[in-house]
Amino acid sequence: MAASEPAAGSLAQRLRTQTAGAHREAERTPLMQALIAGRAGRALYGRLLQQLLLVYEALEPRVAARGQHPWLAGAWSPALARRQALRADLTAFGLGPAAPLPATAAYVERLAAIDGASPQPHARLLAHVYVRHLGDLSGGQILQRVLARAFAGHGSATPAAGLSFYDFGSAEQRDALAQRLRTALAALPAEGAEADAAVDEALWAFEQHLRLFDALGAPA
Ligand code: HEM
């Protein structure tokens, strides 16, 4: 799964370098540690998915609507969209939509504000696609394997029921999607107001995930 180093001087490299610390922090949160250890349980994972659905519902239509812009055209593909998979997983867990936690509400408001009057909206939306969708295509694949083992035999019809969030099709399809997104990021400049906005936004997104994970808690 290890990707080659992104092209020097590209947005891909800057995003990776500048969010590396935030990524480590996110990985070390009690919630992520519980998930990766297979200790989270369906109820907690379901609550995470409920909150993520609200984020994806606020993000994906906005990205799609601006999908022709040079900062999004190469990166976004309808095949990346996770909303339907999230809804299907929630249904598989017998869950419906949930009210947003404050951290989620703030995330949703931020996405609306980007779409409203913020400068560099495309670069900022791209940052969220980077944090969420490239994350789902990367570490999310590790989580899927752990969760499939952890949830197997807990009343689901198949081990994979409720795990379509991380399913991007065949391994080839998934790799092609990740490659497409990485290539688009590698073709964008690392300097300038847009690039600065993208990095700021990606860091904000990671921070907001820490707040959300904290609010969701984790088993002792
Ligand atoms: C236990 C939790 C996590 C694990 C084990 C994990 C693991 C990984 C791994 C191994 C990669 C590198 C894959 C590669 O080089 O192809 C990766 C990349 C990435 N992850 Fe995570 N991750 C976790 C949580 C998260 C979270 C919570 C987010 C976002 C909120 C996230 C966002 C990303 C992003 C954006 C990348 C791409 C980095 C880049 O190449 O620039 N990850 N993750």
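Cut-offs and rules
Residues numbered from 1 in each chain as written. Predicted model: local features only at pLDDT ≥ 70, side-chain atom pairs only at ≥ 80, totals over all residues. Heavy atoms only, no water. Salt bridge = Lys/Arg side-chain N within 4 Å of Asp/Glu carboxyl O. Helix = DSSP H or I, 4+ residues; strand = E, 2+ residues; numbered from the N terminus. Buried < 20%, exposed > 50% of the residue type's maximum accessible area, 1.4 Å probe, protein only. Donors = N, O, S within 2.8 Å, 3.2 Å for Na, K, Ca; no water. Phe/Tyr/Trp six-rings, centres within 6.5 Å; stacked < 30°, edge-to-face > 60°. Core = buried A, V, L, I, M, F, W, Y, C linked by side-chain atoms within 4.5 Å. Contact = heavy atoms within 4.5 Å. Expected span 1.5 Å × (residues − 1). UniProt positions renumbered as here; feature names shortened; annotations may be inferred. Axes fitted to C-alpha atoms, helices over the stretch in contact; angles between N-to-C directions. Parallel < 35°, antiparallel > 145°, perpendicular 65-115°, else oblique. Left-handed = near helix turned anticlockwise from the far one by under 90°. Nonpolar A, V, L, I, M, F, W, Y, C, P; charged D, E, K, R; others polar.

### Focus: the pattern of salt bridges
Side-chain pairing between opposite charges can occur once the charged atoms of the two side chains come close. Tallied over the full model, the rule gives ten salt bridges. Its salt-bridge partner being Arg 132, residue Asp 136 comes within 2.7 Å of it at the nearest N-O pair. With a gap of four residues between them, Asp 136 and Arg 132 both fall in helix H7 (residues 121–137), about one helical turn apart. A single burial state applies to Asp 136 and to Arg 132, both of which are buried.

### Here we look at the coordination of the iron atom of the ligand
For a metal with four donors in a tetrahedral arrangement, the ideal angle between donors is 109.5 degrees, while six donors in an octahedron ideally sit at 90 or 180 degrees. What the protein offers the iron atom of the ligand as a donor is a single atom, His 23 (NE2), at 2.0 Å. Its place among the elements puts His 23 in helix H1 (residues 11–28).

### A few points about the packing of aromatic side chains
Across all of its chains, the model carries six aromatic pairs by this definition. Summarising the aromatic geometry, the rings of Tyr 45 and Phe 151 are spaced 5.7 Å apart at their centres and angled 50° between planes, so their arrangement reads as tilted. Of this pair, Tyr 45 sits in helix H3 (residues 41–65) while Phe 151 sits in helix H8 (residues 139–151); the two residues are 106 residues apart in sequence, bridging distant segments of the chain. For the residue pair Tyr 45 and Phe 151, the accessibility class agrees, reading buried in each case. Where Tyr 56 meets Phe 165, the ring centres are 5.7 Å apart and the plane angle is 90°; that geometry is what we call edge-to-face. Taken together, the positions of Tyr 56 in helix H3 and Phe 165 in the loop between H8 and helix H9 (171–186) put the pair 109 residues apart, joining distant regions of the chain. Across the pair, exposure class does not vary: Tyr 56 and Phe 165 are buried alike. The structure contains a cluster of three or more aromatic residues connected by ring pairs, namely Tyr 45, Phe 93 and Phe 151.

### Details of the nonpolar core
If you look at the biggest cluster of nonpolar residues, it comprises 42 residues, and the most contacted ones within it are Leu 11 and Leu 185. Broken down by secondary-structure element, the contributors of at least two residues to this core are H1, H3, helix H4 (70–73), helix H6 (102–116), H7, H9 and helix H10 (193–216). Setting aside chain neighbours within four positions, we find Leu 185 in contact with Ser 10, Leu 11, Ala 12, Leu 15, Leu 126, Tyr 130 and Leu 134. Counting residues in hydrophobic clusters, the runner-up holds 25 residues, among them Leu 44, Leu 48, Leu 90 and Leu 212.

### Here we look at H8
In this model, H8 (13 residues) spans 18 Å end to end at C-alpha, consistent with the 18 Å of a helix rising 1.5 Å per residue. Within H8, the full set of buried residues consists of Gly 140, Gln 141, Leu 143, Gln 144, Val 146, Leu 147 and Phe 151. The elements touched by buried residues of H8 are helix H2 (30–36), H3, H7 and H9.

### Focus on the UniProt feature "binding site: heme b" (unreviewed entry) in the protein chain
UniProt marks Arg 16, His 23, Tyr 130 and Arg 182 with the feature "binding site: heme b" (unreviewed entry), using the numbering shown here. Secondary-structure assignment places Tyr 130 in helix H7. Other than its neighbours up to four places away in sequence, Tyr 130 contacts Leu 15, Arg 16, Thr 19, Gly 135, Leu 185 and Ala 202. Following the sequence through the fold, Arg 182 ends up in helix H9. Since its relative accessible area comes to 24%, Arg 182 is described here as partly exposed.

### Observations regarding unusual backbone geometry
One non-glycine residue, Gln 120, lies in the positive phi region at around 50°. Considering the arrangement of structural elements, one finds Gln 120 in the loop between H6 and H7.

### Observations regarding the packing of H7 against H10
Two numbers describe how H7 lies on H10: the axes approach to 8 Å, and their chain directions differ by 45°. Accordingly, the angle class assigned to the pair H7 and H10 is oblique. For the pair H7 and H10, the crossing hand works out as right-handed. Residues Ala 123, Arg 124, Ala 127, His 128, Tyr 130, Val 131 and Arg 132 of H7 pack against Glu 194, Ala 197, Ala 198, Asp 200, Glu 201, Ala 202, Trp 204, Ala 205, Phe 206 and His 209 of H10.

### Comments concerning the packing of H6 against H7
Contact pair H6 / H7: the axes reach a minimum separation of 9 Å and the direction vectors enclose 145°. Across the interface between the two elements, Tyr 107, Arg 110, Leu 111 and Ile 114 of H6 pack against Pro 121, Arg 124, Leu 125, His 128 and Arg 132 of H7. Among the residues making up the contact of H6 with H7, the classes are represented as five nonpolar, one polar and three charged.

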